[in-house]
Amino acid sequence: MDEVVGREALRIMEEVLCVVQAAPHDTSWTAYESWEAAVADLRDHVERLRRDDLTRLSDLRLLFAPTASLQELAISNGWTGHYMSLAERFDGLSLG
């Protein structure tokens, strides 16, 4: 996997994590059991990317898919526009 792709995926996920952990989120429409579980999952993704571990990129593809947990989290918590911008950046990555 291209190092540039990994760095950009990390920047995107750090931004997602920053938004989600800034305040408790309603997770009712997501696969997450709680806001804390969502934060823990996102932190795990960020930590893996920081270590150049790209083994969960397929999970990130699913996380950013339409109507997946991340989009539902954004819609339910008022940051849909920001999410759409991040999702567009993520979709623009060449993930192979």
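These notes cover the structure that comes with them. (Residues numbered from 1 in each chain as written. Predicted model: local features only at pLDDT ≥ 70, side-chain atom pairs only at ≥ 80, totals over all residues. Heavy atoms only, no water.)

**Considerations on the overall build of the protein chain**
Note the cut-off: Working definition: helices are DSSP H or I runs of at least four residues, strands are E runs of at least two. Numbering for both runs from the N terminus. With the radius of gyration taken over C-alpha atoms, the globule rule is written as 2.2 Å times the number of residues to the power 0.38. Here's how the labels work: a residue is buried when its accessible area is under 20% of the maximum for its type, exposed when over 50%, partly exposed in between, all with a 1.4 Å probe on protein chains only. Contact between two residues is taken to exist if any of their heavy atoms lie within 4.5 Å; hydrogens are not considered. Accessible areas in this description were obtained via Shrake-Rupley with a 1.4 Å probe; residue shielding takes into account the shown protein chains only.
What the protein chain contains, in helices and strands, is five helices and zero strands. Its C-alpha atoms give the protein chain a radius of gyration of 12 Å, within 12% of the compact-globule value 12 Å for 96 residues. With the principal axes as the frame, the protein chain shows a C-alpha extent of 35 × 20 × 20 Å. Among the 96 residues that make up the protein chain, the fraction classed as buried is 42%. A separation threshold of at least 6 residues defines the contact pool for the protein chain, and within that pool the share at least 24 residues apart is 60%. Summing over all exposed atoms, the protein chain offers an accessible surface of approximately 5,300 Å²; the carbon and sulfur share of this is 52%.

**Side note on the pattern of salt bridges**
We apply this condition: The term salt bridge refers to a side-chain nitrogen of Lys or Arg lying within 4 Å of a carboxyl oxygen of Asp or Glu.
Tallied over the entire structure, the rule returns 11 salt bridges. In this structure, D53 and R48 form a salt bridge, with 3.3 Å as the shortest nitrogen-oxygen distance. Among the ionic contacts, a cluster of salt bridges with common partners joins D41, D44, R48, D53, R56 and D59.

**Observations regarding the side chain of S69**
Within the element layout of this structure, S69 appears in helix α4 (residues 69–76). Setting aside anything within four residues of it in sequence, one finds S69 in contact with T30, A31, Y32 and L63.

**Topic: the packing of α4 against helix α5 (residues 80–91)**
Packed helices, taken two at a time, are described by their axes: the angle between them and the distance between them. Threshold: Interaxial angle, 0 to 180 degrees, is taken between N-to-C directions of lines fitted to C-alpha atoms, where a helix line uses only the stretch in contact. Roughly parallel here means an angle under 35 degrees, roughly antiparallel means over 145, roughly perpendicular means 65 to 115, and every remaining angle is called oblique. For this classification, the nonpolar set comprises Ala, Val, Leu, Ile, Met, Phe, Trp, Tyr, Cys and Pro, the charged set comprises Asp, Glu, Lys and Arg, and every other residue, Gly included, is treated as polar.
Between α4 and α5, whose axes approach to 8 Å, the crossing angle comes to 155°. For the element pair α4 / α5, the angle class is roughly antiparallel. Contacts between α4 and α5 pair L70, Q71, A74 and I75 from the former with T80, Y83 and M84 from the latter. Taken together, the residues of the contact of α4 with α5 break down into five nonpolar, two polar and no charged.

**Quick notes on α5**
Structural remark: α-helix, 3.6 residues per turn; residues separated by three or four positions point the same way. Which entries qualify depends on this criterion: Expected span, for any helix, means 1.5 Å times one less than how many residues it has. Summarising the geometry, the arc corresponds to the directions from the helix axis toward the C-beta atoms.
Over its 12 residues, α5 extends 16 Å from the first C-alpha to the last, a length consistent with the 16 Å expected when each residue adds 1.5 Å. Listing the buried residues of α5 in full gives Y83, L86, A87 and F90. Seen along its axis, α5 keeps its buried residues to an arc of 100°; they face one direction. For α5, exposure combined with an orientation more than 90 degrees from the buried face picks out G81 and E88.

**A word on the packing of aromatic side chains**
We apply this condition: Stacked, edge-to-face and tilted labels apply to pairs of Phe, Tyr and Trp rings (six-membered ring for Trp) whose centres lie within 6.5 Å, assigned for plane angles under 30 degrees, over 60, and everything in between, in that order.
Throughout the structure, instances matching the rule amount to three aromatic pairs. Seen in terms of ring centroids, F64 and Y83 are 6.1 Å apart; in terms of plane orientation they differ by 15°. Their pairing is stacked. With F64 in the loop between α3 (57–63) and α4 and Y83 in helix α5, this residue pair connects regions lying 19 residues apart in the sequence. Accessibility expressed as a relative area gives 4% for F64, which makes it buried. One aromatic cluster is present, built from ring pairs that chain together F64, W79, Y83 and F90.

In short, shape yes, function no, at least from these values alone.
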